[in-house]
Amino acid sequence: MIGFLIALISGALMSVQGVFNTKVTEASSMWAANTFVQFTAFLVCLLAWLFTDRTSFREVVLVEPKYFLLGGVMGAFITLTVIRSMDSLGPATAVMLIVISQLIIAYVIELFGMFGVDKQPFSWRKIFGALIAIAGFVLFKYEKN
C-alpha cells in the first residue's frame, strides 16, 4: 500500500515540477533552467545525504555495469524533454504521453529482463492495459469538429 501511495505522490510531483520548470524556462532559457533544476536537486540530495545515511560515494562509483551511472545524464534530458513537451502540448497531454511511454518502456524492460531486472513472462493483460491507456489518450484528445 505504501508503494502505491508513493507512486501517486511521485506522479503528482512530476506534473507540478514540469509546469514549474516550464515557467522557469520561459523566464530564462532551456539550459539555464535545467542547470538550476539539477543544481537545486543536487543540493537537496546532498543535504539529505548529510543528515541520513552518509554512505560512501565510493560505493556509487563501484557500481557495475558503469552505464548505470548515466542516470543523472538522463535526468538532465528528462527535465529538458518534459519542459519541451509541456510547453508545446500543455501539461495534461504531455503527462499522458509521458506516462504511456513510461508504461510501454517499463514493460519491455521487464519482458526482456533488461538492465538486470527480473524477466517477466508475456502477458496479454498488460498489452491490453497499455492499449487502454492509449485509447484513453485518444479519447482525452478527441474533439468533435
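Structure's up top.
Residues numbered from 1 in each chain as written. Predicted model: local features only at pLDDT ≥ 70, side-chain atom pairs only at ≥ 80, totals over all residues. Heavy atoms only, no water.

### Observations regarding the side chain of T25
Defined as follows: Each helix corresponds to a stretch of at least 4 residues labelled H or I by DSSP, and each strand to a stretch of at least 2 residues labelled E; elements are numbered beginning at the N terminus. Residue contacts are defined here by distance: any two heavy atoms, one from each residue, within 4.5 Å place the two residues in contact.
Position of T25 among the secondary structure elements: in helix 1 (residues 2-27). In this structure T25 touches M30, A33 and I83, once residues within four positions along its chain are discounted.

### With respect to helix 5 (residues 91-112)
Rules: Multiplying one less than the number of residues by 1.5 Å gives the expected span of a helix. Accessible area is worked out with a 1.4 Å probe on protein chains only. A residue is then buried under 20% of its type maximum, exposed over 50%, and partly exposed in between.
A rise of 1.5 Å per residue sets the reference length of helix 5, with its 22 residues, at 32 Å; its end C-alpha atoms lie 31 Å apart and thus fit the reference within 8%. Those residues of helix 5 that sit buried are T93, A94, I100, Y107 and L111. Where helix 5 is buried, its residues meet helix 4 (71-89) and helix 6 (124-141). One or two positions beyond helix 5, positive phi appears at G113, with a value near 60°.

### Let's talk about the pattern of salt bridges
Any two side chains of opposite charge can pair, on the condition that their charged atoms come close. We apply this condition: Any Lys or Arg side-chain nitrogen found within 4 Å of a carboxyl oxygen on Asp or Glu counts as a salt bridge.
Using the criterion set out here, one finds three salt bridges in the structure. One salt bridge in this structure joins K23 and E26, with 3.6 Å as the shortest N-O distance. Of this pair, K23 and E26 are both found in helix 1, three residues apart, which corresponds to roughly one turn of the helix. Two residues, K126 and E110, come together in a salt bridge whose shortest N-O distance is 3.7 Å. Within this pair, whereas K126 is found in helix 6, its partner E110 is found in helix 5, the two being separated by 16 residues in sequence. On the basis of relative accessible area, K126 is assigned to the partly exposed category, the value being 32%.

### Structural notes on the packing of aromatic side chains
Each aromatic ring pair is described using two quantities: the centre-to-centre distance and the angle formed by the ring planes. For the record, the criterion: Between rings of Phe, Tyr and Trp, where Trp is taken as its six-membered ring, a pair exists when centres lie within 6.5 Å; planes separated by under 30 degrees are stacked, by over 60 edge-to-face, and by other angles tilted. Remark: a charge is flagged as sitting over a ring if the NZ atom of Lys or the CZ atom of Arg is within 6 Å of the ring centre and within 35 degrees of the ring normal.
Considering all chains together, one arrives at seven aromatic pairs under this definition. Ring plane angle 80° and centroid distance 6.1 Å describe the contact between W31 and F77, whose orientation is recorded as edge-to-face. With a gap of 46 residues between them, W31 in helix 2 (residues 30-51) and F77 in helix 4 connect regions that are remote in the sequence. Look at W31 and you get partly exposed, because its relative accessible area is 47%. Following the ring pairs from residue to residue traces out a cluster consisting of Y67, F68 and F115. For R54, the ring lying beneath its charged end belongs to W49, and the centroid distance is 5.4 Å.

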